Amino acid sequence: MILVINTSGNGVDLLLNDKYLYFDAEKQAIALPTAVTDFLKQNNAKMSDLTAIGVIVGPGSFTGIRMGIAYAKGLGIGLNIPVVPVNIFELYLYENPDAFVAIDSGRGDFFVASPKHDPCIMNIDEVETEQMKCPATVGHKPFNLQNALHIVKNKIDSGKLEPAIPMYLRPSYVEK
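Negative phi is the rule for most residues except glycine; trans is the rule for most peptide bonds. A cis amide bond links Gly58 with the next residue in sequence, Pro59, at an omega value of -5°. Inspection of the secondary structure assignment puts Pro59 in the loop between strand E4 (52–56) and helix H2 (62–79). Even without being a glycine, Asn80 presents a positive backbone phi close to 55°. Relative to the elements of secondary structure, Asn80 occurs in the loop between H2 and strand E5 (83–86). Judged by its relative accessible area of 72%, Asn80 falls in the exposed class.

Below, the structure written as structure tokens:
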């Protein structure tokens, strides 16, 4: 069984095969461990049933991403299973491989990626110009977390596992 953890936004998303849970969490770090244990129990699963953990590595909330990755790595080490990074661009591009992904950063610009653009930040003028080079634009609607299961399986099957590290497209407030 593969568990997918997403703490890149305000809440927490958990996915276990076809079972999904979302909840708002003011303090993700406190809520996540209990939520995972309860979610597994509700789905008649145990930690020892997990074969891999997928974790969303960004872009998104600086602290949320770090916390989710740390928790996933702790579980992975304890269970001796792989922790597989998945970025949000991969989730969108899984269903729309030729699309231009533009995600509102909430700071007046956009997190962007496409087959023609490595992940970066663009202002609205750049987005309006660059999105025309792709047949579709996505990112304005929620991504399908279910795609993470396929992405995790593909990465495991390919044998090309990378470490789960945060995908930061801009420096933190402290680094500015």
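A word on the pairing of strand E7 (residues 110–114). Of all 5 residues that make up E7, 5 are buried, and the element is covered over most of its length. Burial along E7 is two-sided: the residues Phe110, Val112 and Ser114 and Phe111 and Ala113 are all buried. Strand direction decides the pairing type here: strand E6 (residues 100–104) and E7, joined by 4 bridges, are antiparallel. By the bridge assignment, Asp104 is partnered in E7 with Phe110. Counted along the chain from E6 to the antiparallel partner E7, the turn is 5 residues long, and its residue Gly106 has a positive phi close to 85°. Once E7 ends, the chain turns through 2 residues before running back antiparallel as strand E8 (residues 117–122).

Once that is clear, we can look at helix H1 (residues 28–42). In an α-helix there are 3.6 residues to a turn, and that puts residues three or four apart on one side. For H1, built from 15 residues, the straight-helix expectation of 21 Å at 1.5 Å per residue is met to within 8% by its first-to-last C-alpha distance of 20 Å. What H1 keeps buried is the set Gln28, Leu32, Ala35, Val36, Phe39 and Leu40. Where the residues of H1 are buried, they touch strand E1 (2–6), strand E2 (11–16), strand E3 (19–24) and H2. Two residues or fewer after H1 comes Asn44, characterised by a positive phi angle close to 50°.

Looking now at the sheet that holds E6. One open sheet holds the 4 strands; their spatial order is E8-E7-E6-E9, and the pairing between them is mixed. The sheet is open, and its two borders are formed by E8 and strand E9 (137–138), each paired with just one other strand. Of the strand pairs in this sheet, E7 and E8 are connected by 4 bridges, and their pairing is antiparallel. By the bridge assignment for E8, Val112 is matched with Cys120. Most of the contacts of helix H3 (residues 88–95) go to E6, to which it runs at about 135°, and overall it touches E6, E7, E8 and E9.

Position of Gln146 among the secondary structure elements: in the loop between E9 and helix H5 (147–158). For Gln146, a relative accessible area of 29% corresponds to the partly exposed category. Contacts of Gln146, omitting those with residues within four sequence positions, involve Leu15, Asn17 and Asp18.

For the rest of this paragraph, the subject is the sheet that holds E2. With mixed pairing, 5 strands are arranged side by side in an open sheet as E3-E2-E1-E4-E5. In this open sheet, the two strands that pair with only one neighbour each are E3 and E5. If you compare each strand with its neighbour and ignore which way they point, the axes differ by 15° on average. Here E4 pairs with E5 via 4 bridges, running parallel. Looking at the pairing, Ile53 lines up with Val83 of E5. Here H1 sits on the sheet and contacts E1, E2 and E3; the angle it forms with E2, its principal contact strand, is near 25°. Packed on one face of the sheet, H3 meets E4 and E5 and runs near 70° to E5.

Definitions and cut-offs
Residues numbered from 1 in each chain as written. Predicted model: local features only at pLDDT ≥ 70, side-chain atom pairs only at ≥ 80, totals over all residues. Heavy atoms only, no water. Helix = DSSP H or I, 4+ residues; strand = E, 2+ residues; numbered from the N terminus. Buried < 20%, exposed > 50% of the residue type's maximum accessible area, 1.4 Å probe, protein only. Pairing = 2+ DSSP bridges. Expected span 1.5 Å × (residues − 1). Contact = heavy atoms within 4.5 Å. Axes fitted to C-alpha atoms, helices over the stretch in contact; angles between N-to-C directions.

By themselves these figures say nothing about function.
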